[in-house]
Structure formats: C-alpha cells, structure tokens
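# A structural walkthrough
Spelled out from the first residue to the last, the chains are:
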Amino acid sequence: KIRSRYAMVCYGGEGNVSYANAKNLGVIQAEILEQLTMNFKDEAALSKAADEVDLEEALRLIEEKLLPRQRQLGVDLSTVKH
C-alpha cells in the first residue's frame, strides 16, 4: 500500500511509478505523516511517535487519501523491487 518516495524514485519505473507520480504520492504521504504526528509537540515526544502513533488512524488515512490517488494515477507499487 505504501513505499517511501525514495524507494519509488530509485527502484520504480515499472507499474507507472514515474518520478512525477512518486513526487505526487510523496506529498500525500508527508501530509499523512504530519497529521499522525501533530500531537507530538517536542523532540522527546516525537522520538516516541513510532511506538505511540494510532495505527488504525494511519491505515484509515492511507485508504482514504493515498490509495485513491494511486489508483487515479495507475500506480502499481508491487513493481517497486527493493
């Protein structure tokens, strides 16, 4: 469902994983990450975010925001090999 923008750019190409599509999806991924971590106010709290982030909310945001855009762009992330 999700690959880092770096992986998409470096190892994409097939499955319509172009640079432009990777950049487009990367913006949405950054927005999701920002939304999930907005309550972690300082560096100490942010360092714990990986353990405390709401994974159900993360999945909901991915399914609502990222996956529709992937489908719209015709991107197949299963072709990103690494």
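Our subject is the structure that appears above.
This write-up is about the structure you can find in this document. None of these values were measured; they are calculated from a predicted model.

## What to know about unusual backbone geometry
- In this model, N16 sits at a positive phi of 60 degrees, which is unusual for a non-glycine residue.
- Mapped onto the elements, N16 comes out in the loop between α1 (5-11) and α2 (19-37).

## Topic: α2
- The terminal C-alpha atoms of α2, which comprises 19 residues, lie 26 Å apart, in line with the 27 Å expected from a rise of 1.5 Å per residue.
- Every buried residue of α2 is accounted for by N21, A22, L25, G26, I28, Q29, I32, L36 and T37.
- Those residues of α2 that are buried lie in contact with α1, α3 (43-47), α4 (49-52) and α5 (55-73).

## Brief notes about α5
- In this model, α5 (19 residues) spans 25 Å end to end at C-alpha, consistent with the 27 Å of a helix rising 1.5 Å per residue.
- A maximum bend of about 35 degrees is found in α5 at E63.
- Elements that come into contact with the buried residues of α5 comprise α2.
- Structurally, the start of α5 carries an N-cap: the backbone nitrogen of E56 is 3.1 Å from a side-chain oxygen of D54.
- Of the residues one or two after α5, G74 is the one with positive phi, at around 70 degrees.

Analysis parameters
Residues numbered from 1 in each chain as written. Predicted model: local features only at pLDDT ≥ 70, side-chain atom pairs only at ≥ 80, totals over all residues. Heavy atoms only, no water. Helix = DSSP H or I, 4+ residues; strand = E, 2+ residues; numbered from the N terminus. Expected span 1.5 Å × (residues − 1). Buried < 20%, exposed > 50% of the residue type's maximum accessible area, 1.4 Å probe, protein only. Contact = heavy atoms within 4.5 Å. Bend = angle between axes of the 7 residues up to and from the residue. Polar contact = N/O pair within 3.5 Å; in protein donor to acceptor, adjacent residues only side chain to side chain.

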